[in-house]
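Structural overview
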Amino acid sequence: MTRPGLFLTFEGIDGSGKSSQARLLADHLRNLGHDVVLTREPGGSAGAEEIRSLVLEGDPDRWSAETEILLFTAARRDHLERTIEPALAAGKVVICDRFADSTRMYQGLSRGDLRGLVDQLHRLMIGREPDLTVLIDMDPETGLARAKGRQGTEERFEDFGLDLQQKMRAGFLTLADEFADRFRVIDGNRDMDSVARDVTDIVTQALR
Ligand code: TYD
């Protein structure tokens, strides 16, 4: 008999610190003896990691929002089939850095209102929501400065600038109200340890 796993996601704007928090949570739960799979989107499976470089590198206008929805959803489907679903079926805790809520925001809001299209394709090809989503809320200017400070090659969305980050922040907070049953919002404008303590509290409750 396997118990059903737990599917946790982290969301937030670029530079919100969610990737570090996802890592800290994974370490914490492993220390408590949980079997944890820490993964990310776009990516998390071999095929999806290949799609990741297509969507995150290059000019901001490389893809239309519609094409991006297809690419992110293709990556997500592969990730779900090969990584997430097998782990949940084996009773593991899956912690995913971004999931479908990022597509609802970035592709659904960044260049006009395509939320309906995102949701339609999600229903058709993914059809699964996380059990719990932690939104790390962060001041857009601070977030963008942090993200830009990394000097990486995956900067397509950072290159859309501060306007996009502000829109994404407001959008995520609205989304948290829309899916209030699974969203928990944490103030990310604090030191990492304080944020991590809040994350641990929330997840510990969910695991009970
Ligand atoms: P991520 O690796 O989380 O970047 P960071 O660590 O800087 O927060 O995400 C990379 C980018 O991918 C981010 O700018 C948001 C974008 N993205 C989408 O536009 N749509 C999606 O569905 C996902 C999962 C990510």
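In case you missed it, the structure is sitting above this.
Our subject in this report is the structure included herewith. Keep in mind the model is a prediction, meaning the values are calculated, not measured. (Residues numbered from 1 in each chain as written. Predicted model: local features only at pLDDT ≥ 70, side-chain atom pairs only at ≥ 80, totals over all residues. Heavy atoms only, no water.)

Digging into the pattern of salt bridges
How we decide: Should a side-chain nitrogen of Lys or Arg be within 4 Å of a carboxyl oxygen of Asp or Glu, the pair is scored as a salt bridge. For the purposes of this entry, the term helix denotes a DSSP run of H or I that reaches at least four residues, the term strand denotes a run of E that reaches at least two, and both are numbered from the N terminus. Here's how the labels work: a residue is buried when its accessible area is under 20% of the maximum for its type, exposed when over 50%, partly exposed in between, all with a 1.4 Å probe on protein chains only.
Enumeration over the complete set of coordinates arrives at 18 salt bridges. A salt bridge links R169 to D137, with the nearest nitrogen and oxygen atoms 2.9 Å apart. Highlighted residues: R169 in helix α7 (residues 162-178) and D137 in strand β4 (residues 132-137), separated in sequence by 32 residues. Relative accessible area serves as the criterion here: at 12%, D137 is assigned to the buried category. Overlapping salt bridges, with partners in common, bring together D101, R104, R115, D119, E129, E178 and R182 in one network.

Observations regarding helix α5 (residues 115-125)
Cut-off, in case you're wondering: Each direction from the helix axis to a C-beta atom contributes to the arc, which is the arc of those directions. The contact criterion used is simple: two residues touch if any of their non-hydrogen atoms lie within 4.5 Å.
Those residues of α5 lying buried are R115, V118, D119, L121 and H122. Taken down its axis, α5 places every buried residue within 165° of arc, on the same side. Opposite the buried face of α5, at more than 90 degrees from it, the exposed residues are R123 and L124. Elements that come into contact with the buried residues of α5 comprise α3 (65-89), α4 (100-109) and α7. One or two residues past the end of α5 sits G127, with phi positive at roughly 60°.

Some remarks on the sheet that holds strand β5 (residues 183-187)
Let me state the cut-off plainly: Only when DSSP finds a minimum of two bridges between them are two strands counted as paired. Fitting a line to C-alpha atoms yields each axis, with helices limited to the stretch in contact; the angle taken between N-to-C directions then spans 0 to 180 degrees.
Strand order in this open sheet of 5 strands is β2-β3-β1-β4-β5, and the pairing throughout is parallel. Strand pairing shows two members of the sheet lacking a second neighbour, β2 (36-40) and β5, which therefore form its edges. Neighbour-to-neighbour, the strand axes of the sheet open up by a mean angle of 20°, direction not taken into account. Relative to strand β3 (residues 93-97), β2 runs parallel, the two being bridged by 5 bridges. Within β3, the position partnered with T39 by the bridge is C96. On top of the sheet, α7 reaches β1 (6-11), β4 and β5; it is set at about 145° to β4, its chief contact.

Some points on the site of the ligand
To keep things clear, this is the line we draw: Put simply, a residue is near a molecule or strand once any heavy atom of it comes within 4 Å of that molecule or strand. Here a polar contact means two N or O atoms within 3.5 Å. Within protein one must be a hydrogen donor candidate and the other an acceptor candidate, and residues neighboring in sequence count only if both atoms are side-chain atoms.
Around the ligand, the surrounding shell holds 17 residues, and the nearest of these are D14, R98, T103, Q107 and R150. A distance of 2.6 Å separates an oxygen atom of the ligand from a polar side-chain atom of D14. Interatomic distance of 2.8 Å between a side-chain N/O atom of R150 and an oxygen atom of the ligand. Broken down by secondary-structure element, the contributors of at least two residues to the shell around the ligand are α1 (18-31), α2 (46-56), α3 and α4. When residues of the shell around the ligand are assigned to their parent elements, the largest contribution, 4 residues, is made by α4.

Looking at the packing of aromatic side chains
Cut-off, in case you're wondering: Ring geometry is summarised as follows: Phe, Tyr and Trp rings, the Trp one being its six-membered ring, pair when their centres sit within 6.5 Å, and such pairs are stacked at plane angles under 30 degrees, edge-to-face over 60 and tilted between the two.
Under the defined criterion, the tally for this structure stands at 4 aromatic pairs. Geometrically, the ring pair formed by F72 and F157 is tilted, given 6.2 Å between the ring centres and 55° between the ring planes. One end of the pair, F72, is in helix α3; the other, F157, is in the loop between α6 (140-149) and α7, with 85 residues separating them in the sequence. Centre to centre, the rings of Y106 and F157 are 5.6 Å apart; their planes meet at 80°, and the pair counts as edge-to-face. One end of the pair, Y106, is in helix α4; the other, F157, is in the loop between α6 and α7, with 51 residues separating them in the sequence. This pair shows no difference in class: Y106 is buried, exactly as F157 is.

Some points on the packing of α3 against α4
Quick note on the threshold: Throughout this description, any angle smaller than 35 degrees is read as roughly parallel, any larger than 145 degrees as roughly antiparallel, any in the 65 to 115 degree range as roughly perpendicular, and the remainder as oblique. Note on residue categories: nonpolar means Ala, Val, Leu, Ile, Met, Phe, Trp, Tyr, Cys or Pro, charged means Asp, Glu, Lys or Arg, and polar means any other residue, Gly included.
Where α3 meets α4, the closest approach of the two axes is 10 Å, and the angle between their N-to-C directions is 175°. Regarding the angle of α3 to α4, the classification is roughly antiparallel. On α4, the residues that touch A65, E68, I69, F72 and R76 of α3 are A100, T103 and Q107. Taken together, the residues of the contact of α3 with α4 sort by class into 4 nonpolar, 2 polar and 2 charged.

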